[in-house]
Amino acid sequence: MLQFIVRRFIQTIPVILGVTLLVFSLIHLIPGDPAQIMAGEAAPEATVEAMRERLGLNDPLHVQYGRYMSSLLQGDLGQSVRTSRPVMDEIQPRIMITIRLAIYSMILSIILGLVAGVVSAVRRYGLLDATLMLAALFGFSMPNFWLGLMLIKLVSIDLALLPPSGWGTWQQGILPIITLGTGGAAIIARMTRSSMLDVINQDYIRTARAKGLKERVVIYKHGLKNALIPVVTVVGIEMGMLLSGTVLVETVFAVNGMGRLAIDAIRARDFPVVQGIVLIFALIFVGVNLLVDISYRYLNKRIELN
Amino acid sequence: MSSVEPILQIKDLRTSFFIDRGEVKAVDGVTLDVPKGKTLGVVGESGCGKSVMALSILQLLEEPGKIVGGEILFNNVNLLQKSEKEMRDIRGNNISMIFQEPMTSLNPVYTIGEQISESYRVHQNMGKKDAYQKSLEMLRLVGIPSPEKRLHQYPYELSGGMRQRVMIAMALACRPDLLVADEPTTALDVTIQAQILELIKDLQTKLHMSVIIITHDLGIVAETCDRVAVMYCGNIVEQADAEELFERPRHPYTAGLFNSLPRHDQEKEELEAILGYVPSPIEMPQGCRFSPRCSYAEEICRQQNPDLKTLDNTRAVRCWIYSDGWKGSKEVAYHG
């Protein structure tokens with residue numbers, strides 16, 4: 001197992017290198033002259049040239065990449081064009097907010113999705129199954145910014161139960177977490193249901209029943225652990241969607257996290273900040289998928305690394 | 001019927017599947033008994049209802065299957081009147097079952113030891129450590145090499161034959177009185193088949209249990225069974241002691257089955273087949289179900305299904321030939 005983790009970890013290194021290469025290229029992939037765009041369209045040539053110099057855009061590409069990588073390894077993501085502060089300092093106070101929001105939403109998605117999926121599968125074709133799956137259909141069809149707005153209207157304005165914006169108190173957390181977690185919960189519920197239905201018809205479930213086990217043990221011990229294998233993969237992918245979802249949800253609920261910083265930076269054409277955020281999101285995504293692979297291996301002993 | 005007291009008696013068992021197109025009577029009035037300490041073979045073609053009957057005994061049928069009538073007496077107590085909880089205490093404890101597919105019948109995500117010891121923990125309230133100890137003994141009993149190592153392995157690390165041994169170990173963990181083996185060797189290589197049958201026979205003597213072997217292989221019946229019940233389209237058509245049955249089958253279907261076997265002591269150009277096809281379960285023929293394929297069939301056969309009639313002490317046949325009113329010959333061709 002330890003060997004598996006180490007080897008899997010080593011495999012992420014080329015992925016991370018690829019990510020840095022992409023993030024680095026970002027600035028050159030945007031149409032037009034990045035220095036001109038960042039300095040503003042009406043900026044005089046001298047200002048643009050100064051910007052170009054400041055960003056090191058006059059050097060050959062490989063020199064630029066080398067410089068980018070070496071400062072990256074020292075934890076330096078460059079300087080914000082807008083505030084002239086290091087990008088790290090811009091991101092640092094906000095990163096934990098976004099990570100918390102994402103983790104709480106993920107936990108909500110997993111718990112809600114698993115419970116609804118298993119219940120649906122066990123009561124398949126029943127009224128409860130139909131209701132839950134209809135709710136799931138709504139859940140993932142609804143864009144989360146829309147759900148967020150509706151929740152603000154209903155819960156915060158009409159019912160005046162919870163604050164409509166901000167982050168800090170637990171009351172402020174509820175609506176963003178629900179908004180962000182709903183889509184994932186719906187997908188996990190549907191995935192769990194179909195996976196569970198598949199597993200319930202397997203021969204080893206009949207063996208478990210023939211052993212005289214309680215139906216509850218048959219379903220949760222013998223069924224669920226097998227059914228989780230494909231669900232875990234979905235959870236990994238879901239985490240990526242969740243991270244991108246934070247951008248919208250933080251904007252709707254005025255949460256001062258990385259997502260909102262990303263929007264502000266894009267608006268201000270503050271490319272070093274955008275690059276930094278994209279890189280960090282990508283690293284989180286790679287890290288989550290590493291965790292997913294490890295738990296996948298824990299669930300399914302047949303996985304071997306070649 | 002049999003001179004030995006039966007451990008299990010099935011009386012007029014009816015099991016149906018309720019599908020959109022109607023009711024499929026998979027088991028339609030099966031009556032048989034399993035003598036204590038002996039082996040009963042249930043033979044029949046695919047789809048004749050033998051597996052459904054086996055699952056009915058432990059009430060392991062899944063939707064849309066349902067037992068609609070009859071009695072299943074285990075030590076003279078009707079299992080069909082037991083609650084689900086009472087049935088759970090019987091499953092894997094008094095009556096155990098092994099299945100056709102050893103490759104898929106074990107749970108892939110738990111170790112062998114975990115899966116066997118579960119039986120002890122559920123039925124005998126054993127602690128984890130004791131249960132593992134007992135599981136180890138069971139693995140040794142079913143002849144698995146280096147059982148200490150196997151205990152901590154997962155099913156995918158074992159071959160098909162080994163997995164079926166594990167299934168047997170699991171089924172026999174609580175020393176059941178009756179083992180229902182549903183085609184236990186069909187998915188295995190011929191050499192492994194023989195080993196598994198040998199093992200079942202051996203353990204039967206050691207543990208004093210009764211066995212039902214469900215199979216379509218007459219060779220297995222000849223080797224392992226004391227009594228045989230022949231099934232056709234959800235009915236038992238003939239039941240007899242194995243020796244007698246092989247000596248002289250009475251039902252035209254049984255005779256047809258035997259006649260169709262290839263034999264190494266006779267020169268045959270062609271294998272003798274039973275004419276026609278097994279009817280679809282939704283369109284059962286009127287009268288005797290075998291009548292459309294039977295070369296002896298008369299008018300009465302096509303009108304009315306005969307009852308299972310006891311011929312002498314140990315034999316019963318469901319055929320009009322053996323009724324008093326039968327005009328034609330009572331000899332069924334058999335070149336055995």
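Cut-offs applied
- Residues numbered from 1 in each chain as written.
- Chains lettered and ligands numbered in written order.
- Predicted model: local features only at pLDDT ≥ 70, side-chain atom pairs only at ≥ 80, totals over all residues.
- Heavy atoms only, no water.
- Axes fitted to C-alpha atoms, helices over the stretch in contact; angles between N-to-C directions.
- Helix = DSSP H or I, 4+ residues; strand = E, 2+ residues; numbered from the N terminus.
- Left-handed = near helix turned anticlockwise from the far one by under 90°.
- Nonpolar A, V, L, I, M, F, W, Y, C, P; charged D, E, K, R; others polar.
- Pairing = 2+ DSSP bridges.
- Contact = heavy atoms within 4.5 Å.
- Buried area = accessible area lost by both parts, 1.4 Å probe.
- Salt bridge = Lys/Arg side-chain N within 4 Å of Asp/Glu carboxyl O.
- Polar contact = N/O pair within 3.5 Å; in protein donor to acceptor, adjacent residues only side chain to side chain.
- Buried < 20%, exposed > 50% of the residue type's maximum accessible area, 1.4 Å probe, protein only.

Engineer: Would you mind showing me how to read the packing of helix 5 (residues 87–122) of chain A against helix 10 (residues 215–252) of chain A here?
Structural biologist: Residue and element names in this part refer to chain A. Running from N to C, helix 5 and helix 10 cross one another at 140°; their axes reach a closest spacing of 8 Å. Judged by the twist between their axes, the crossing of helix 5 over helix 10 is right-handed. The residue makeup of the contact of helix 5 with helix 10, split by class, is 17 nonpolar, three polar and two charged.

Engineer: Before we go on, may I ask you to explain the pairing of strand 11 (residues 309–312) of chain B in this structure?
Structural biologist: The side chains of a regular strand alternate, residue by residue, between the two faces of the sheet. All names here are of chain B. Sheet topology note: the strand 11/strand 12 (residues 315–317) ladder contains three bridges and is antiparallel. Residue pairing in the sheet places Asp312 in a bridge with Arg315 of strand 12. Between strand 11 and the antiparallel strand that follows it, strand 12, lie two residues.

Engineer: Could you clarify how one ought to interpret the interface of chain B and chain A in this entry?
Structural biologist: Buried accessible area, meaning the area lost when the parts come together, often serves as the stated size of an interface. Between chain B and chain A, the residue contacts involve 26 residues of the former and 22 residues of the latter. For the pair chain B and chain A, the two sides together bury roughly 2,300 Å², of which 54% comes from carbon and sulfur. A per-residue breakdown of the area chain B buries against chain A is headed by Arg88(B), Val109(B) and Glu118(B), which together make up 24% of the total. Where Arg209(A) meets Glu62(B), a salt bridge forms, and the shortest distance between an N and an O atom there is 3.4 Å. Taken together, the connections running from chain B to chain A amount to 14 residue pairs in polar contact (both at pLDDT 80 or more). Elements supplying a minimum of two residues to the side of chain B that touches chain A: helix 3 (102–105), helix 4 (112–123) and helix 7 (160–172) of chain B. A total of six residues in the side of chain B that touches chain A trace back to one element, the largest contributor, which is helix 4 of chain B. For the side of chain B that touches chain A, a count of residues per class yields 13 nonpolar, seven polar and six charged.

Engineer: Any chance you could explain the sheet that holds strand 1 (residues 6–19) of chain B here in plain terms?
Structural biologist: Neighbouring strands of a sheet are bound in pairs by backbone hydrogen bonds; such pairs are parallel or else antiparallel. Residues and elements named next belong to chain B. A sheet is described by the order of its strands in space; here four strands give the open sequence 2-1-4-5, paired in antiparallel fashion. Looking at strand neighbours, the two that pair on one side only are strand 2 (22–35) and strand 5 (77–78), the edges of this open sheet. Bridge count between strand 4 (residues 65–74) and strand 5: two bridges; the pairing is antiparallel. Across the sheet, residue Leu73 finds its bridge partner in strand 5, namely Asn78. Of the strands in this sheet, strand 1, strand 2 and strand 4 touch helix 1 (residues 50–57), which is tilted by about 115° from strand 1.

Engineer: I tried to follow the pattern of salt bridges on my own but got confused; where do I start?
Structural biologist: Between side chains of opposite charge, pairing is possible as soon as their charged atoms come close. For the structure shown, the criterion picks out 26 salt bridges over all chains. In this structure, Arg14(B) and Asp12(B) form a salt bridge, with 3.0 Å as the shortest nitrogen-oxygen distance. With relative accessibility at 32%, the residue Arg14(B) sits in the partly exposed group. With relative accessibility at 34%, the residue Asp12(B) sits in the partly exposed group. We note a salt bridge from Arg293(B) to Glu45(B), for which the minimum N-O separation is 3.8 Å. Of the two residues, Arg293(B) is situated in the loop between helix 11 (252–259) and helix 12 (299–303) and Glu45(B) in the loop between strand 3 (39–43) and helix 1; the sequence distance between them amounts to 248 residues. With relative accessibility at 10%, the residue Arg293(B) sits in the buried group. Ionic contacts of the salt-bridge type, sharing partners, join the residues Lys211(A), Lys221(A), Glu114(B) and Glu118(B) into one network.

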